[in-house]
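Structural description and commentary
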Amino acid sequence: MTDDIAQHYRHIITAIGENPDREGLRDTPKRAAKAMQFLTAGYQQSLEEIVNGAVFESQTDEMVLVKDIELYSMCEHHLLPFIGKCHIAYLPSGKVLGLSKFARIVDMYARRMQIQENLTREIAEAVQQVTQSRGVAVVIEARHLCMMMRGVEKQNSSMTSSVMLGSFRSNQATRQEFLTLIS
């Protein structure tokens, strides 16, 4: 598969008017192919594989919050990165998820081509599915290179998206507590 992707990069390099055989570009198609495979590795992963049974019984019933999970993803419209951080909270209902699994869930979904709004929802629904919690809240704050490098070229713009499920959606006090904790 790497060779097939590399061949397409070689064609792109030629189509923009560059010589793919010049010294600096000779290995670029293969390097770019490997990079694209890494950046989209989430297609080869599943939620079950990522969680790997790391759901544990617990009496904890107060909010659990994991803040500032770094992420990068690929905008499906321009194939340019968006980079930011994700905050996840949930209200356990007899089960808690291993801490590192939140970052792994974020990475799995982020390493797919998509838009930020959908990424936010995918993460929230995955945490809900795995924990069977009373509620899940996810906020992503990101900067989009498709808006910074091309088009309107706004360097200081960022986007915030949120998804609230269960008690975070229905209970204003719970939602406010989460929003206060991440600000």
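Bear in mind the structure is a predicted one, so any value in this text is a computation, not a measurement.

Time to look at the nonpolar core. One finds Cys-86, Ile-88, Ile-105 and Ile-123 to be the most contacted residues of the largest nonpolar core, which totals 32 residues. The set of elements that each furnish at least two residues to this core consists of helix 3 (47-51), strand 2 (64-75), strand 3 (81-90), strand 4 (95-97), helix 4 (99-110), helix 5 (116-131), strand 6 (135-144) and strand 7 (159-166). Residues in contact with Cys-86, not counting those within four places in the same chain, are Val-66, Lys-67, Asp-68, Ile-69, Leu-71, Val-106, Ile-123, Val-138, Val-139 and Ile-140. Of all hydrophobic cores here, the second largest spans nine residues; its members include Met-63, Met-164, Phe-168 and Ile-182.

Turning our attention to the sheet that holds strand 5 (residues 113-114). The five strands are arranged 5-2-3-6-7 in an open sheet whose pairing can be described as mixed. The outermost strands of the open sheet, each flanked by one partner alone, are strand 5 and strand 7. Across two bridges, strand 2 lies against strand 5 in parallel orientation. If you follow Cys-75 over to strand 5, its bridge partner there is Gln-114. Across the sheet, helix 4 is in contact with strand 2, strand 3 and strand 5; its angle to strand 2 comes to roughly 20 degrees. Sheet strands in contact with helix 5 are strand 2, strand 3, strand 5, strand 6 and strand 7, and its direction is about 150 degrees off that of strand 6.

All right, on to the domain arrangement of the protein chain then. Parsing the protein chain into structural domains produces domain 1 (1-41) and domain 2 (48-182). Distance from the C-alpha centre of domain 1 to the C-alpha centre of domain 2: 32 Å. Each partner contributes to the interface: domain 1 provides five residues, whereas domain 2 provides five residues. Inspection of the domain 1/domain 2 interface yields zero salt bridges. One can count zero residue pairs in polar contact (both at pLDDT 80 or more) joining domain 1 with domain 2. Partitioned by chemical class, the residues of the side of domain 1 that touches domain 2 number four nonpolar, one polar and no charged.

Rules used throughout
- Sequence order sets the numbering: in each chain, residues are counted from 1 along the sequence as written.
- Only residues with pLDDT of 70 or above have their local features reported here, since the model is predicted, and side-chain atom pairs are shown and tallied only from 80 upward, although totals for entire chains, interfaces and linings are computed over all residues.
- Only heavy atoms go into the side-chain values, all of them from the structure, while hydrogens and water stay out.
- Grouping buried Ala, Val, Leu, Ile, Met, Phe, Trp, Tyr and Cys residues that are joined through side-chain atoms within 4.5 Å yields what is termed a nonpolar core.
- Type-normalised accessible area, obtained with a 1.4 Å probe on protein chains alone, sets the label of each residue: buried when under 20%, exposed when over 50%, and partly exposed for intermediate values.
- The numbering of helices and of strands both runs from the N terminus, where a helix is a DSSP run of H or I of at least 4 residues and a strand a run of E of at least 2.
- When checking whether two residues touch, look at their non-hydrogen atoms; a contact exists if any pair is within 4.5 Å.
- Any two strands with at least two DSSP bridges between them are considered paired.
- The convention used is that axes are lines fitted to C-alpha atoms, helices contributing only their stretch in contact, and that angles between N-to-C directions extend from 0 to 180 degrees.
- An automatic or database domain assignment is the source of the domain bounds shown.
- Salt bridges are defined by distance alone: a side-chain nitrogen of Lys or Arg within 4 Å of a carboxyl oxygen of Asp or Glu.
- Counting of polar contacts relies on pairs of N or O atoms within 3.5 Å, with two restrictions inside protein: one atom must be capable of donating a hydrogen and the other of accepting it, and residues adjacent in sequence are counted only when both atoms are side-chain atoms.
- In this classification, Asp, Glu, Lys and Arg are treated as charged, Ala, Val, Leu, Ile, Met, Phe, Trp, Tyr, Cys and Pro as nonpolar, and every other residue, Gly included, as polar.

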